[in-house]
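Chain residues, written in single-letter form:
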Amino acid sequence: MRKPIALLLVYLFVLALSICAGIFFFAQYFNSLNLVAGKTAFFSSELIIYGLFESLPVVLMTIMLFITFYKIRHLSNPVSSMITYSVLCVFTWFLLLPASIVLKNQVYKQILSMEEIQQSTELTGKYFRIIDGKNYYFINDTVDGTADVVMLYDNRSPNTHAFIKKITISYNNDALSFHDPIMKESKVAIPFHIMELSSSIKRQANESWKNGYIAWICFCSLGFALCSIYFVIKMSSWKLVNSLWALIIFIVILWINYSYYMPSFAVLKKSLEGFFYDSNHLQYFVNHHISFPLMLINCFIGIVSVVIGIIISTSKKHNR
């Protein structure tokens, strides 16, 4: 009885710690994109709320990996632990994750949008900036996105003399996601690929929830695949090797679900959907934008992991 309770306490501890870490890293990410030269980092209650709801789905999708790491180090009480782990997986994917999406949609209607928060910071004056191949010196701070500048150099007209003009700043286009072009030039290290992956998975979750309960159950095939990693925690007698295996399988599953919607996989996706949908027997999945092939891939990975785990456990019992 003590081990299931310990597993539950570990789950709650990891959940609380991960939420705090998610809010912190989201705030750092937001400020990296929106930091303006000459000004301090921006924090507000809206930023904390966005950090909570933008990081919470990622936390809930990854939390069982950390529980798996814990079980790799504590392999006692396998049956009761597996039951507790399964209950936590169902609780996470069928209650907490949908609740986070519903609550997020309700809360976001009551606060400032991300665009409004981003545009609330004007670029500072007394700085040189390169925008669209043109070198500017900003005379004063921008006001409502417009600035009085001295244009010093234009790559397309190198013989043009410096002159004063007024320009309108298009932040996202000119700075390539950075609010201030200076921050882009400083090459701030941001893991954009990780952010794109998490955004893609969250977008799939939101669309699945909007398309109904059947669509959500199909999306939870991803949860089944991720949670099935628990069954391969005894692949080796070395705990570090088991942890590496769990991490690798986890990354591969996320990569498959992310890459399935990438343009580079469009041909394969079209071929798979054509194979399953041409008979018109799965028209429900088409109408509700459910990716039946991806669901089958996730279920296949989950079943294979479970079968491998059972085989390993059975063989070790016979060896004893």
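Worth saying up front: this structure is predicted, and the values here are computed from it rather than measured.

> Could you clarify how one ought to interpret the overall build of the chain in this entry?
Counting its regular elements, the chain contains 13 helices and 4 strands. Counting only residues that meet the buried cut, the chain has 41% of its 320 residues in that class. By sequence separation, contacts in the chain at least 24 residues apart represent 65% of the contacts at least 6 residues apart. Accessible surface for the chain amounts to roughly 18200 Å². Of this, 67% is attributable to carbon and sulfur atoms.

> Looking at this model, I keep getting lost on the pairing of strand β2 (residues 134-138). Mind explaining?
Two faces make up the sheet, and in a regular strand the side chains alternate between them. Side chains of β2 alternate between two faces, with Lys134, Tyr136 and Phe138 buried and Asn135 and Tyr137 left unburied. Pairing geometry for strand β1 (residues 127-131) and β2, over 5 bridges, is antiparallel. For tyrosine 127, the partnering residue across the bridge sits in β2 and is phenylalanine 138. Pairing of β2 with strand β3 (residues 146-154) involves 5 bridges; the strand directions are antiparallel. Note on β3: the bridge partner recorded for tyrosine 136 is methionine 151.

> How should the packing of helix α2 (residues 45-73) against helix α3 (residues 78-108) be read in this particular structure?
When two helices pack together, you describe them by how their axes are tilted relative to each other and by the distance separating the axes. The interhelical angle for the contact between α2 and α3, taken along N-to-C directions, is 175°, at an axis separation of 9 Å. Taken as axis vectors, α2 and α3 run roughly antiparallel relative to one another. Here the contact of α2 with α3 is composed, by residue class, of 19 nonpolar, 4 polar and 3 charged.

> Honestly, a nonpolar patch on the surface in this entry has me stumped. Any pointers?
Among the surface-exposed residues, Val90, Phe94, Ile214, Ile217 and Tyr284 lie close enough to one another that they form a single nonpolar patch of about 460 Å² accessible area. At the level of elements, α3 and α8 (213-219) are the ones that each hand at least two residues to the nonpolar patch. Tracing the backbone shows tyrosine 284 in helix α12 (residues 283-287).

> Even after reading the chapter, I still don't get the packing of α2 against helix α10 (residues 239-259), so can you show me in this structure?
It is at 9 Å that the axes of α2 and α10 come closest, and there the two elements cross at 165°. With respect to each other, α2 and α10 are oriented roughly antiparallel. Considering how the two elements wind past one another, α2 and α10 form a crossing that is right-handed. Between α2 and α10, the contacting residues are Met61, Thr62, Leu65, Thr68, Phe69, Ile72 and Arg73 on the first element and Lys239, Asn242, Ser243, Ala246, Leu247 and Phe250 on the second. A breakdown of the residues in the contact of α2 with α10 according to their chemical character gives 7 nonpolar, 4 polar and 2 charged.

> Help me understand the packing of aromatic side chains in this model?
For any pair of aromatic rings, the description consists of the separation of the ring centres together with the inter-plane angle of the planes. Scanning all chains against the criterion turns up 14 aromatic pairs. An angle of 25° between the planes, with centres 4.2 Å apart, marks the rings of tyrosine 85 and tyrosine 230 as stacked. In this pair, tyrosine 85 sits in helix α3 while tyrosine 230 sits in the loop between α9 (221-227) and α10, placing the two residues 145 residues apart along the sequence. Here phenylalanine 285 and phenylalanine 292 contribute two aromatic rings whose centre-to-centre distance is 4.9 Å and whose plane-to-plane angle is 65°, an arrangement assigned as edge-to-face. Across the pair, phenylalanine 292 and phenylalanine 285 agree in class, each one buried.

Conventions and cut-offs
Residues numbered from 1 in each chain as written. Predicted model: local features only at pLDDT ≥ 70, side-chain atom pairs only at ≥ 80, totals over all residues. Heavy atoms only, no water. Helix = DSSP H or I, 4+ residues; strand = E, 2+ residues; numbered from the N terminus. Buried < 20%, exposed > 50% of the residue type's maximum accessible area, 1.4 Å probe, protein only. Contact = heavy atoms within 4.5 Å. Areas by Shrake-Rupley, 256 points an atom, 1.4 Å probe, with all protein chains shown as cover. Pairing = 2+ DSSP bridges. Axes fitted to C-alpha atoms, helices over the stretch in contact; angles between N-to-C directions. Parallel < 35°, antiparallel > 145°, perpendicular 65-115°, else oblique. Nonpolar A, V, L, I, M, F, W, Y, C, P; charged D, E, K, R; others polar. Patch = residues over 30% accessible without salt bridge, like charges linked within 9 Å, V, L, I, M, F, W, Y side chains within 5 Å. Salt bridge = Lys/Arg side-chain N within 4 Å of Asp/Glu carboxyl O. Left-handed = near helix turned anticlockwise from the far one by under 90°. Phe/Tyr/Trp six-rings, centres within 6.5 Å; stacked < 30°, edge-to-face > 60°.

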